[in-house]
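Architecture at a glance
Chain residues, written in single-letter form:
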Amino acid sequence: MTDVQSDVEATTEVTASGVGGTTATKDPVADQIAQRAERIARRSKPTRVVAARVSIWLRLGELWRARELFFFLVRKEIKVKYKNSALGFLWSMLNPALTLAVFYVLFTFFLPNGIPNFVIYMFSAMLVWNLFQTAVLTGTSTIVSNAAIVKKVAFPREILSLAAVGSAFMFFLFQSIVLLAFMIAFWPRPDWSALWLVVPALAAILAFSAALAVFLSAVHVYLRDTQHLVEVLLMAWFWAIPGIYAYSGRVHDGLVKHTIFGIPGTHLIWLYFANPVSPVVMSFQRVFYNVVHPRSTLAPHAVIKHGVMASYGIHWYVASDLIVLGVSLVLLVGAMVVFGRLEGNFAEEL
């Protein structure tokens, strides 16, 4: 398909969808999204190119012009989730608050492990994991879930996947309030001097989540088993991060002790940190837990031998997050290229 042919077909797609006026459907939310997409089309060149040779810069330009639609989709996702709910947004905080309370009682009174405020260590990891898991799962199914909108009007479809990441970030902010409230109540002090470390860590996990969401959303249109496969993989992936177990000690020593496929000079710890989520989780724990060598609550005068967190310097966390961010941005560009090659037949597959 030539660029000229792409422009002609894209213009036909926009015209057929009713730029001059949409046909009302039974779904008012879909109508609102379609109207906003058409408004964006009127303000810009009335084309929607779906050829494989569209440059990444053109796609990024389309996304920037559709930023109003992005914010609308994020708001829509949050409102729809709590529609007709008496407590509304409070449910986003009640669920993690109950989880935090249960684990606090469990590890304090029934399964004490001697690690003070272990629930803070664990919940710092859960914040990152919930953000990542929600973004990837929601992003994977978003194109299929919004099939009526995708077939009705022309707009940058990647924005549906990116909006799923944006809504997951909003839920992350709600859950962060729970963690802060818990820390105020029980007074474990974070490392205020390292609070800025949250910024590159968040940027890294958002970029990685967006890359997976964009790629998987396009694949899911053709292979509907993708969502179920992702759910299974995420269950296994959770155990690859230092969330409910201490990284320092047995885990660290075991990873360093063993080699990769018996190759001399290698360590399994390399594979452990090849997981982009692990450095981000450890960065959050470094800021909010901030205890490298805690004193045991079972023996108050004894220091836990191996500690809980890694004893790496702050520069290690910064470098790790920046590496994850750089790799994730490259993956995001690649995901957008793949998405552009696959979206041409979305209408037929949906």
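Within each chain, residues carry numbers counting from 1 in the order of the written sequence. In keeping with the model being predicted, local features are shown solely for residues with a pLDDT of at least 70 and side-chain atom pairs are shown and tallied solely at 80 or more, while totals for entire chains, interfaces and linings include all residues. The basis for every side-chain value is the complete set of heavy atoms in the structure, and neither hydrogens nor water enter the calculation.

As a further point, take the overall build of the chain. The secondary structure content of the chain amounts to 15 helices and zero strands. Across the 350 residues that make up the chain, the buried fraction comes to 47%. We call two residues contacting when some pair of their heavy atoms lies within 4.5 Å. Long-range contacts, defined as pairs at least 24 residues apart, comprise 79% of the intrachain contacts of the chain with a sequence gap of at least 6. In this description, accessible areas are obtained by the Shrake-Rupley approach with a 1.4 Å probe, and a residue is regarded as covered only by the protein chains that are shown. Surface exposure of the chain reaches about 17700 Å², of which carbon and sulfur atoms provide 67%. Every helix listed is a DSSP run of H or I at least four residues long, and every strand listed is a run of E at least two residues long, numbered separately from the N terminus. With a 1.4 Å probe rolled over the protein chains alone, any residue whose accessible area is under 20% of its type maximum counts as buried; one over 50% counts as exposed, and the rest are partly exposed.

Compared with an ideal rise of 1.5 Å per residue, which puts 28 residues at 40 Å, helix 6 (residues 118-145) spans 39 Å between its outermost C-alpha atoms and is within 8% of the ideal. Take the seven residues that end at a residue and the seven that start at it, fit an axis to each, and the angle between those axes is the bend at that residue. Along its length, helix 6 shows its largest kink, about 25°, at G139. In terms of residue burial, helix 6 counts as a mostly covered element, since 21 of its 28 residues are buried. A helix is expected to span 1.5 Å multiplied by its residue count minus one.

Look at helix 6 against helix 10 (residues 226-237): their axes get within 9 Å of each other, and the N-to-C directions meet at 170°. One element, helix 6, and the other, helix 10, form an angle in the roughly antiparallel class. Along the contact surface, helix 6 presents W129, F132, Q133, V136, L137, T140 and S141, while helix 10 presents T226, Q227, V230, E231, L234 and W237. Classification convention: Asp, Glu, Lys, Arg as charged; Ala, Val, Leu, Ile, Met, Phe, Trp, Tyr, Cys, Pro as nonpolar; all other residues, Gly among them, as polar. Of the residues in the contact of helix 6 with helix 10, the class split is seven nonpolar, five polar and one charged. Structural elements are reduced to axes, namely lines fitted to C-alpha atoms, with helices fitted over the stretch in contact, and the angle between N-to-C directions of any two is expressed from 0 to 180 degrees. To sort the angles, those under 35 degrees are grouped as roughly parallel, those over 145 as roughly antiparallel, those from 65 to 115 as roughly perpendicular, and the leftovers as oblique.

Once that is clear, we can look at the pattern of salt bridges. Put simply, a salt bridge is a Lys or Arg side-chain nitrogen that is within 4 Å of an Asp or Glu carboxyl oxygen. This structure, assessed with the given rule, holds four salt bridges. Note that R59 is salt-bridged to E158, the shortest N-O span being 2.7 Å. Taken together, the residues span a long stretch of sequence, with R59 in helix 3 (residues 56-65) and E158 in helix 8 (residues 158-186) at a distance of 99 residues. Here E158 falls in the buried class, since its relative accessible area comes to 1%. Here the salt bridges share partners, and the residues they tie into one network are R59, R157, E158 and E343.

This brings us to the packing of aromatic side chains. Pairing of aromatic side chains requires ring centres within 6.5 Å, counting the rings of Phe and Tyr and the six-membered ring of Trp. Pairs whose planes differ by under 30 degrees are stacked, by over 60 edge-to-face, and all others tilted. Applying the stated criterion to the full structure yields 26 aromatic pairs. Feature note: the residues W129, F132, F208, W237, F238 and W239 constitute an aromatic cluster, connected by ring pairs. Above the ring of W64, the side-chain terminus of R67 is found at 4.2 Å from the ring centroid. Only Lys NZ and Arg CZ are tested; either one counts as a charge over a ring when it is within 6 Å of the ring centre and within 35 degrees of the ring normal. Over the ring of F155 we find R157; its NZ or CZ atom is 6.0 Å from the centre of that ring.

Moving on, we get to the confidence of the model for the chain. Looking at the chain, pLDDT values average 80 and 78% of them are 70 or higher. A residue's pLDDT is the predictor's confidence in that residue, given on a scale from 0 to 100. Mean pLDDT values over the elements of the chain span from 39, in helix 1 (residues 3-17), up to 96, in helix 9 (residues 198-222).

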